[in-house]
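# A look at the structure
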Amino acid sequence: MTTDLLASKFAIPEPPPFMVARPRLIRALAPDRAPPVVVVTGPAGTGKTQLVAQWARETGPADHVAWVTLEDEDARTGMFWTYVVAGLRAVGMSLPAVTPPVPPSAPSRSFLTRLAAQIAEQPDPAVLVLDDVSALTDPRWATELEFVARHAGQRLRLVLVGRFDPPMPLHRYRLAGRLVEVRGGDLAFTRQEAAELLAWHGITLSPPAFAALLEHTEGWAAGLRLFALALAGHGDADRLVETTTGEEATIAEYFASEVLRAQPPQVRDFLLHTSVLGTFTPELAQALTGSPDAHRILADLEHRNAFVRRTGEEPHSYRYHRLFAELLRAQLAFEEPDQVPKLHYRAAAWLAEHGRTADAVAHAVQAGDWDTAAALLVADHAVGRLLLEGGAGRLGALLRDLPEHADGAAAALVAAALAVAAGDPDRGAACLARTGAATSGYDDATALAGRLVEMSLARARRDATGTLRAAADAERLLDRVPADRLERHPELRALVRTARGTAQSWLGAVDDAVATLAEAGAQAAAGCEYPRIEALGHLAVIEAHRGRLGHAERLAHEAVRLAEAYGRDHPPAAAAVALAWVAVERYDMHAAGRHLRAAEPAGDGPPDGLAAAGYAVVKSRRLQARGELRGALRVLQEVRGEPGDPAHPAHPAWLDREIALGEARLLAMTGHPDEALALVDGLPDPSRADATVVRAAALLAQGQPERADDAVTPVTEAAGVPTPVAVDAWLLRASVAAGAGDVGRAREALRRALRLAAPQGQRRAPHQVWSQVRRVVREDDELAEQYRALGRGPDRAGPSVGADPSGVLVVDPLSQRELEVLGRMAEMLPTEEIAASMYVSVNTVKTHIRSILRKLSASRRNEAVRRARALGLI
């Protein structure tokens, strides 16, 4: 070796005392069939050189590993090839015909050719490690080296170490499978490697602090080492992990010397100004900095591994290493403090213009402008998300510290929405009063936000009429919202429909409530999960009450499934109540008890009283089935309480009626028929079929069977009576006839009751009169079999309504007429022919088709037919 060369450039670096073994990467460097080129690249401080040095030290002399550490001067002064030839000779390679140019200069083609030819003649191959090739600014070295390697046969293997890729045609080697690449992501320390490093420094962290450290440093070797130095000997290492950032002196010094000082002034300014962003695109960076070269600057920084990374969140988006970003932000705040809020403003404006409301709000908050943050949220119609998620959502978390002095209309609306979502309607009302949004004068977005908050506030206070009024106003305003905004916020209509359906249910408009809640339950768009869960649960309880047990069961299961998928750790209370109701009607008391227990964690969702009242009904029936009549009566009396303001009901009106009728029935059974009659006669509309049947039961308990039979007979002969009521009516007539010894009439009445109960498997009601009619059944095998069949579950004869293989749930079953129209649609008949064949008008058929499409969540006729076939409807 000539004495003009630095011997230190051929030395394999010594390992530091805190060296961590990294066998996974060593194996990657030396696979079984070693390829001719290995590239190890990554940002400064990722341990590239030490990794390759560790591998080189572990090889034996027979591997002939030549190490050369490079500097920029080596290429500029023509010394590159002098060092390469000397390095190869140092590991035993005989190169007698090769003489590097003297004085050093650009090598001639004849020199490169001789070198390649002599390497190819070597008896043993050698490995040439070139460390810090990124330091060479003149790219000709790479072209010359690639020429030599390509013509050296299998006798020269290259290991190139640097911050970024060498200017060689790596794609050719990659395509031919002749390249090994170890990148920055591979060099990041794993949990085990980081733990070993900390252990060497004598540092023990709690698991959360260790996870936070690993996340903060992103496995960056130098960052871990600098943290370890800072933590060593510190009494509260966990606390220090929480508070240490990229501003810490040693970390800041590292970044400043290795990255910032190497950048041209305009790139340094670019880095400082864009540091206020998290993940960002070149377009956003350009908007912030005014630099038309944002694309190029970011691409170049990423290529050079300057702690700038592409992210997979969206095409061409970037972010800075966390520690590097913290240093940049601290430097910006020090050098240009006035620029910080201005940059956040620019970011907020750009993000809002591009529909990224949450990010825009975040920057407005960081600029300290709460009014603008709230105004951005309201203008984008994002108040629905606040009402649904409250402080648990991202927007709510950003605005949780909204100060009292932020008194603009939008800020007051946001404060009101957060208060309502947090279950504080009084504070919500006070905030809403500050906006004056109930009056005119605001733009449509602010007015809509005001109505939505007003609607939610009315719901929280069980103000049914107020809820309906605000919902109607909100729907009118929703019709004026641009389609693209509405498409981004499907939760708005879902919120309004759920609130309207719930209010209709409170007021006793059950059919309207079913239609409205069915629309809300069919809203499958992302972001509508919570109102959909609520709508399905409410609908399931109504359907259970109406005796449509199979449908109620499917709705409730769908609500439970959605809640699980949405991350809730317990089923929705209403859905659990509906499942318990179904189980108790089918006389499956074990399942009923299980579902009741699941419904006990009350308090999920708005306190609409539905779950509490439904829970009481089911619990009472379960106690009654066990013969605990007084306990059953007490449960209903406790939940019913005193009648209140009809506009502010404690429970839905139809459930209040169900509770009162159940109480009356139990009063009659416990020897208080007069009180039962008084309770029934005091109900609104006491001549309805359900009240008539209970009144008849009270008359029977009074010892007036003829009057009871006369009273209930019109119910059994009427059309359109809800199935549970009709079953009760026929059972009562069977009891009266059996008591009178009229076996024939008793059997006929019982047969009618069982036939009505069979499709839904309603077993509870027949079982309750079993002791009175047992003798009649015992002597009639057909009737006994009919009764036993109830225990085997619901009939399957009716049309199946449920979920098709695509996962679409049919929330609202098709009517018989709609099924007829659907059948003709399947025959490809045009609307006019369907109308003619059914003797109805074309408009009637069109109405049926619109309803079919809605119920089957289909947009076209053929889609509806296909879905109906999958569901077994046709």
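Residues numbered from 1 in each chain as written. Predicted model: local features only at pLDDT ≥ 70, side-chain atom pairs only at ≥ 80, totals over all residues. Heavy atoms only, no water.

### Points about the overall build of the protein chain
- Within the protein chain, the regular secondary structure consists of 48 helices and seven strands.
- Radius of gyration (C-alpha) of the protein chain: 39 Å, far over the 29 Å computed for a compact globule of 874 residues.
- Considered along the principal axes of its C-alpha atoms, the protein chain spans approximately 130 × 65 × 65 Å.
- Across the 874 residues that make up the protein chain, the buried fraction comes to 52%.
- By sequence separation, contacts in the protein chain at least 24 residues apart represent 68% of the contacts at least 6 residues apart.
- With an accessible surface of roughly 38400 Å², the protein chain has 52% of that area assigned to carbon and sulfur atoms.
- Both charge centroids of the protein chain, one from 98 positive and one from 110 negative side chains, sit 5 Å from each other. (Helix = DSSP H or I, 4+ residues; strand = E, 2+ residues; numbered from the N terminus. Rg over C-alpha atoms; globule rule 2.2 N^0.38 Å. Buried < 20%, exposed > 50% of the residue type's maximum accessible area, 1.4 Å probe, protein only. Contact = heavy atoms within 4.5 Å. Areas by Shrake-Rupley, 256 points an atom, 1.4 Å probe, with all protein chains shown as cover. Lys, Arg positive; Asp, Glu negative; His and termini not counted. Charge placed at Lys NZ, Arg CZ, Asp CG, Glu CD.)

### A word on the pattern of salt bridges
- Using the criterion set out here, one finds 51 salt bridges in the structure.
- Salt-bridge contacts for Lys9 lead to Glu71; the nearest nitrogen and oxygen are separated by 2.9 Å. With Lys9 in the segment before helix 1 (23-29) and Glu71 in the loop between strand 2 (65-69) and helix 3 (72-76), this pair connects stretches of sequence that are 62 residues apart.
- Residue class for Lys9 comes out buried when judged on its relative accessible area of 5%.
- Since its relative accessible area comes to 40%, Glu71 is described here as partly exposed.
- The shortest N-O distance in the salt bridge between Lys9 and Asp74 comes to 2.9 Å. Here Lys9 is found in the segment before helix 1, whereas its partner Asp74 is found in helix 3, with 65 residues between them in sequence. In terms of burial, Lys9 and Asp74 fall into one category: buried.
- Bridged by salt links that share partners, the residues Asp165, Arg174, Glu181 and Arg183 form one connected network. (Salt bridge = Lys/Arg side-chain N within 4 Å of Asp/Glu carboxyl O.)

### Notes on the sheet that holds strand 4 (residues 156-162)
- What the five strands build is an open sheet, ordered 2-3-4-1-5; its pairing is parallel. Single-partner strands in this sheet number two, and they are strand 2 and strand 5 (179-182). Mean inter-strand twist for the sheet, computed between neighbouring axes without regard to direction, equals 15 degrees.
- Inspection of the sheet shows strand 1 (residues 37-41) paired to strand 5 by four bridges, in the parallel sense. Following the sheet pairing, Val37 is matched in strand 5 by Leu179.
- Its contacts with the sheet place helix 6 (residues 140-150) against strand 3 (126-131) and strand 4, and it is angled at close to 155 degrees to strand 4. (Pairing = 2+ DSSP bridges. Axes fitted to C-alpha atoms, helices over the stretch in contact; angles between N-to-C directions.)

### Notes on the domain arrangement of the protein chain
- Each assigned domain of the protein chain is listed here: domain 1 (7-187), domain 2 (189-244), domain 3 (247-336), domain 4 (722-792) and domain 5 (816-871).
- When each unit is reduced to the centre of its C-alpha atoms, the spacing between domain 2 and domain 3 is 25 Å.
- Contact residues are listed per partner, giving 10 residues for domain 2 and 12 residues for domain 3.
- Between the two partners, domain 2 and domain 3, sit three salt bridges.
- Between Glu218 and Arg309 there is a salt bridge, with its nearest N and O atoms 2.5 Å apart.
- Across the contact surface, domain 2 and domain 3 share six residue pairs in polar contact (both at pLDDT 80 or more).
- Among the elements of the structure, helix 10 (207-217) and helix 11 (221-231) are those that each provide at least two residues to the side of domain 2 that touches domain 3. (Domains from an automatic or database assignment. Polar contact = N/O pair within 3.5 Å; in protein donor to acceptor, adjacent residues only side chain to side chain.)

### A few points about helix 38 (residues 689-701)
- Between its terminal C-alpha atoms helix 38 stretches 18 Å, which fits the 18 Å expected from 13 residues at 1.5 Å a residue.
- Helix 38 sits mainly inside the fold: 10 of its 13 residues count as buried. (Expected span 1.5 Å × (residues − 1).)

### Considering unusual backbone geometry
- The phi dihedral of Asp132 falls on the positive side, at around 65 degrees, and the residue is not glycine.
- Structurally, Asp132 can be placed in the loop between strand 3 and helix 6.
- In this structure, His381 takes a positive phi of about 60 degrees despite not being glycine.
- Checked against the element boundaries, His381 lands in the loop between helix 20 (370-379) and helix 21 (383-389).

### Examining the packing of helix 14 (residues 265-274) against helix 17 (residues 322-335)
- Taken N-terminus to C-terminus, the directions of helix 14 and helix 17 make an angle of 100 degrees; their axes are 8 Å apart at the nearest point. It follows that helix 14 is roughly perpendicular to helix 17 by the angle criterion. Taken together, the residues of helix 17 that come into contact with helix 14 (itself represented by Arg268, Leu271, Leu272 and His273) are Phe324, Leu328, Gln331, Leu332 and Glu335.
- Looking at the contact of helix 14 with helix 17 residue by residue, the classes come out as five nonpolar, two polar and two charged. (Parallel < 35°, antiparallel > 145°, perpendicular 65-115°, else oblique. Nonpolar A, V, L, I, M, F, W, Y, C, P; charged D, E, K, R; others polar.)

### Notes on the packing of helix 23 (residues 409-421) against helix 24 (residues 425-435)
- As a packed pair, helix 23 and helix 24 sit with axes 8 Å apart at the nearest point and diverge in direction by 165 degrees. By the angle class used here, helix 23 and helix 24 are roughly antiparallel. As helix 23 packs across helix 24, the resulting crossing turns out to be left-handed. Across from Ala409, Ala412, Leu413, Ala415, Ala416, Ala419 and Val420 in helix 23, the residues of helix 24 making contact are Arg427, Gly428, Cys431, Leu432, Arg434 and Thr435.
- Grouping the constituent residues of the contact of helix 23 with helix 24 by class yields nine nonpolar, two polar and two charged. (Left-handed = near helix turned anticlockwise from the far one by under 90°.)

### Topic: the nonpolar core
- Ranked by internal contacts, the top residues of the largest apolar core, which has 80 residues, are Val541, Ile542, Trp581, Trp654, Leu655 and Leu732.
- The element best represented in this core is helix 32 (residues 573-585), accounting for 11 residues. (Core = buried A, V, L, I, M, F, W, Y, C linked by side-chain atoms within 4.5 Å.)

### Re the environment of Val133
- The residue Val133 is located in the loop between strand 3 and helix 6 in this model.
- The sequence separation of Val133 and Gly162 amounts to 29 residues, and the corresponding C-alpha distance is 5.2 Å.
- The contact partners of Val133, leaving out residues within four places of it in the chain, are Leu70, Trp141, Leu160, Val161, Gly162 and Pro166.

### Points about helix 23
- Its 13 residues give helix 23 an end-to-end C-alpha distance of 18 Å, which sits within 8% of 18 Å, the value for a rise of 1.5 Å per residue.
- Burial analysis of helix 23 places 11 of its 13 residues in the buried class, which makes it a mostly covered element.
- The set of residues buried in helix 23 consists of Ala410, Ala411, Ala412, Leu413, Val414, Ala415, Ala416, Ala417, Leu418, Ala419 and Val420.
- For helix 23, the elements touching its buried residues are helix 20, helix 21, helix 22 (394-398), helix 24 and helix 25 (444-460).

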